[in-house]
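# Structure at a glance
Here is how the chains run, residue by residue.
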Amino acid sequence: MSVALTKGGNVSLNRQAPGVRSVRVCLGWTAGADYDLDASALLCGASGKVLTDQHFVFFNNLRSPDGAVRHLGADGEGGGGGGGLGGEDRERIEVRLADVSADVQKVVFAVAIYDAAQRRQTFGQVRGAYVRLTDADGGAEVARYDVTPETGSETAMVFGELYRHGADWKFRAIGQGYASGLAGIATDFGVDVLQPAPAAPSAPAPVPPMPAAAPAAVVPAVPKTQPATGSSPVTCFFDPSHGIGSAVVLWQPQWGVPRQVETCAACAQRVQTTVPPFYTPPQAGYPQQAGYPQQQVQPQVPAQQQDHGGRRFGTGAMLGAGAAGLVGGMLLNEALSDDEPQVVVNNYYEDDDDSFF
């Protein structure tokens, strides 16, 4: 006699069907012609998860690795299942209890609506869903459970399970629904093959272009030494005692604009290897060019306010002193002059010694 189970109820096979060796789990429902429902079985270990992905038996994997669980389809011979009208079994799964691997603790039976999200189908439109357990050898029904969706939004449901109880096997009515379809069941029971594919990693944010490096400051090249031209025996610009100026270099004085001068080879090398301005520091005061004595600038004082020793001189005295100075200068120039031709000497900066820097 078959036992009618309610949700959560169970039945012992040793008590209800002593000596049973193989059972068939028959699943049925009534739905529209465009509905496609598929039954599956999950062979789980002590952790409650499938042992491997091959221990998930469904329409693409009709047999468990140990061969104890087989998906028979709608005709009982391994064919495919589907929707349609009628109260007959839609799909069947056979379990040879003695051949089930010892590390399998339970076999879970589920039904899912194929492509439910795209078709907007749920178990709310499925009628008369049930699961029944029969003796595979004699065909007698051992137990039956009429499955009722709780919310109507389920797209997959666990109908029942066979589980070990010591040396006995028991069948329990489950009736647990999933709004996430067969993928939700697969996630709960550790099936990787049906879990949603991980979202593709987002493209990395574009890296802003690095600002262009500022162009390196262009350092003007030091002009190359050029040989002196012409036949005039011009001496070295910096020191006539160095001999003839055999090279032409660009010289930059401390004051004034750069100009080309003729120097000896040694001085030309110093000019080219020394940061300008190239000049010889004087020993005291500001450097002065040869031939141009340093002038002392005195503040202008009105003639009537000039005081020498506390005395003031009138305009006539000032004019007389100036005339006397002019005559004295002419006499001194005549005494120092000679008849020899003038000699042109190059102007340059120098100290009393021979240093140039």
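What follows is about the pattern of salt bridges. A complete count under the given rule lists 13 salt bridges for this structure. Two residues, D137 and R21, come together in a salt bridge whose shortest N-O distance is 3.7 Å. You can see D137 sitting in the loop between β9 (127–135) and β10 (141–146) and its partner R21 sitting in the loop between α1 (13–16) and β3 (22–30), a full 116 residues away along the chain. Its relative accessible area of 54% is what places D137 among the exposed residues. Across the pair K106 and E161 runs a salt bridge whose closest N-O atoms are separated by 3.8 Å. Here K106, found in strand β8 (residues 106–113), pairs with E161, found in strand β11 (residues 156–165); they are 55 residues apart in sequence, far enough to count as distant. Here K106 falls in the partly exposed class, since its relative accessible area comes to 21%. Overall, the relative accessible area of 9% leaves E161 in the buried class. Members of the salt-bridge network, linked through shared partners, are D89, R92, R132 and E141.

Note on strand geometry: in a regular strand, side chains alternate between the two faces of the sheet. Counting buried residues along strand β4 (residues 37–44), eight of its eight residues qualify, which places the element largely inside the surrounding structure. Judged by which residues are buried, β4 turns out to be covered on both faces: L37, A39, A41 and L43 on one side and D38, S40, L42 and C44 on the other are all buried. The pairing of β4 with strand β5 (residues 56–57) spans two bridges and is classified as antiparallel. Note on β5: the bridge partner recorded for L42 is F56.

Moving on, we come to the nonpolar core. A general feature of soluble globular proteins is that nonpolar side chains tend to end up buried together. L13, F109, F159 and L162 are the most contacted members of the largest nonpolar core, which totals 43 residues. Secondary structure elements with two or more residues in this core: β3, β4, β7 (91–96), β8, β9, β10, β11 and β12 (168–178). Ignoring sequence-local partners within four residues, the contact set of F109 consists of V25, S40, A41, I93, V95, M157, V158, F159, G160, E161, L162 and F171. The next biggest cluster of nonpolar side chains, apart from the first, holds 16 residues, and it includes A156, V158, A186 and V191.

Here is what the cut-offs are and how they apply
- Residues numbered from 1 in each chain as written.
- Predicted model: local features only at pLDDT ≥ 70, side-chain atom pairs only at ≥ 80, totals over all residues.
- Heavy atoms only, no water.
- Salt bridge = Lys/Arg side-chain N within 4 Å of Asp/Glu carboxyl O.
- Helix = DSSP H or I, 4+ residues; strand = E, 2+ residues; numbered from the N terminus.
- Buried < 20%, exposed > 50% of the residue type's maximum accessible area, 1.4 Å probe, protein only.
- Pairing = 2+ DSSP bridges.
- Core = buried A, V, L, I, M, F, W, Y, C linked by side-chain atoms within 4.5 Å.
- Contact = heavy atoms within 4.5 Å.

Worth remembering: the numbers are spatial, not functional.
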